[in-house]
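So the chains spell out like this:
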Amino acid sequence: MKKLAVAMLALALFAVGAVSAQSKENEMDITVTIGGADFAAVFDENDAVQSIAALFPLSVSMSEWTGNNEYYARLPQKIAVGNAVQPQSFAAGDIALYNGLSLVIFYAATTQTSGYVKVGHIDGTGLKGSLDRANGSVTFSKAELRKSDGKPTAESETEEIRSLYKEMYRAMIAKDMAEMRRIHGDDFVLVHMTGQRMDKGAYLAAVKDGTLNYYSADHDDISVRVDGSRATLCGKSRVSAAVYGGGRRTWRLQQDMTLEKIGDSWQFTHSKASTY
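One structure accompanies this document, and this report is about it. (Residues numbered from 1 in each chain as written. Predicted model: local features only at pLDDT ≥ 70, side-chain atom pairs only at ≥ 80, totals over all residues. Heavy atoms only, no water.)

**Overview of the overall build of the chain**
Here comes step 1: A tally of helices and strands in the chain yields six helices and 15 strands.
Here comes step 2: For the chain, restricting intrachain contacts to residue pairs at least 6 apart in sequence, the fraction spanning at least 24 positions comes to 57%.
Here comes step 3: Only carbon and sulfur atoms are counted for the fraction: they give 51% of the accessible area of the chain, which is about 14800 Å². (Helix = DSSP H or I, 4+ residues; strand = E, 2+ residues; numbered from the N terminus. Contact = heavy atoms within 4.5 Å. Areas by Shrake-Rupley, 256 points an atom, 1.4 Å probe, with all protein chains shown as cover.)

Put into structure tokens, the structure is as follows:
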């Protein structure tokens, strides 16, 4: 009987360990940059997390709500909550989604949880002081995977480029010209479906003055191949746009793009547009 009890205890401990390992494996390591300081964090495994992470890297200006011990920022699009769970309370460092619209960092505990679902947790102390000093300037990004020699892995480079493609569309839609200039190389060339070629200056000017207006983009596929400091990307997206004075319509737009890594940052150097 004693041997049976010991065996059952060992089996239970093994099961707990397996669940714990699986839970850890399913977590997403992220970096939360508050001002100039990086904080390690993890996102839980749920539907809301996958949708939020698709927006990374995500820079926001967060506002404080002292009544609930939080800093919050509205997201660029509504996030479906899916299977994310509303907890009974939040602890300092918890990250949450409010009503599918706002990303929240709690700097102290609270029991006011109506409308919130937990998506992750930041490691570290002194969050309120860091958020105060940064005036709520926060960037969320996936933690960069690195080899033992300190260099990024091919997997992390691929994810970075996929995120950059999504960021490109966000900047196009928002007419964020500073970001457009940052992510496109000085020698960037766009070849339209008509065969017309536009250099970086002409392309950015067309986005800015409304010759090219973009309203939304839903991504069907983003294929990336990395070769050292160069990469190719084939992006297939359903894009709502109005171009050259025409009416708004949805295009099944494919962009075959090349990129080059300058320093620590990838930039688009060429794009050929077609439909799929």
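**Regarding the sheet that holds strand 14 (residues 249–262)**
Here comes step 1: Read from one edge of the open sheet, six strands run 11-10-15-14-13-12, paired in mixed fashion. Two strands lie at the open edges of the sheet, namely strand 11 (197–199) and strand 12 (212–227), each paired on one side alone. Each neighbouring strand pair of the sheet contributes to a mean axis angle of 20 degrees, computed without reference to strand direction.
Here comes step 2: Inspection of the sheet shows strand 10 (residues 184–191) paired to strand 11 by three bridges, in the antiparallel sense. Note on strand 11: the bridge partner recorded for L190 is M198. (Pairing = 2+ DSSP bridges. Axes fitted to C-alpha atoms, helices over the stretch in contact; angles between N-to-C directions.)

**Considerations on the sheet that holds strand 1 (residues 28–34)**
Here comes step 1: Reading across from one edge, 3-9-1-2-8-6-7-5-4 is the order of the nine strands in this open sheet, with antiparallel pairing throughout. What marks the edges here is a single partner per strand, and that holds for strand 3 (58–61) and strand 4 (63–65). For this sheet, the mean inter-axis angle between neighbouring strands, taken without regard to orientation, is 30 degrees.
Here comes step 2: Where strand 3 lies against strand 9 (residues 137–142), four bridges are found, and the strand directions are antiparallel. By the bridge assignment for strand 9, S61 is matched with S137.

**Regarding the nonpolar core**
Here comes step 1: Grouped together as the largest cluster of nonpolar side chains are 34 residues, with contacts concentrated most on V32, I95 and F140.
Here comes step 2: Counting 32 residues, the second largest nonpolar core, distinct from the first, contains L164, M168, L190 and M198. (Core = buried A, V, L, I, M, F, W, Y, C linked by side-chain atoms within 4.5 Å. Buried < 20%, exposed > 50% of the residue type's maximum accessible area, 1.4 Å probe, protein only.)

**Looking at the side chain of K200**
Here comes step 1: With respect to the element layout, K200 can be found in helix 6 (residues 200–209).
Here comes step 2: Sequence-distant contacts of K200, that is, excluding residues within four places in its chain, are made with R181, H184, G185, D186 and F188.

**What to know about the pairing of strand 15 (residues 265–275)**
Here comes step 1: Pairing of strand 10 with strand 15 involves four bridges; the strand directions are parallel. Residue L190 lies in a different strand from strand 15, and its bridge partner there is S271.
Here comes step 2: Inspection of the sheet shows strand 14 paired to strand 15 by ten bridges, in the antiparallel sense. Across the sheet, Q254 pairs through a bridge with S274, a residue of strand 15.
Here comes step 3: Hairpin connection of strand 14 to strand 15: two residues between the antiparallel strands, including G263 at a positive phi of 65 degrees.

**Notes on the side chain of S141**
Here comes step 1: Among the structural elements, S141 can be located in strand 9.
Here comes step 2: Residues in contact with S141, not counting those within four places in the same chain, are I30, T31, F56 and P57.

**Details of the pairing of strand 14**
Here comes step 1: Relative to strand 14, strand 13 (residues 230–243) runs antiparallel, the two sharing twelve bridges. Looking at the pairing, A241 lines up with R249 of strand 14.

So yeah, pure geometry; function would need other evidence.
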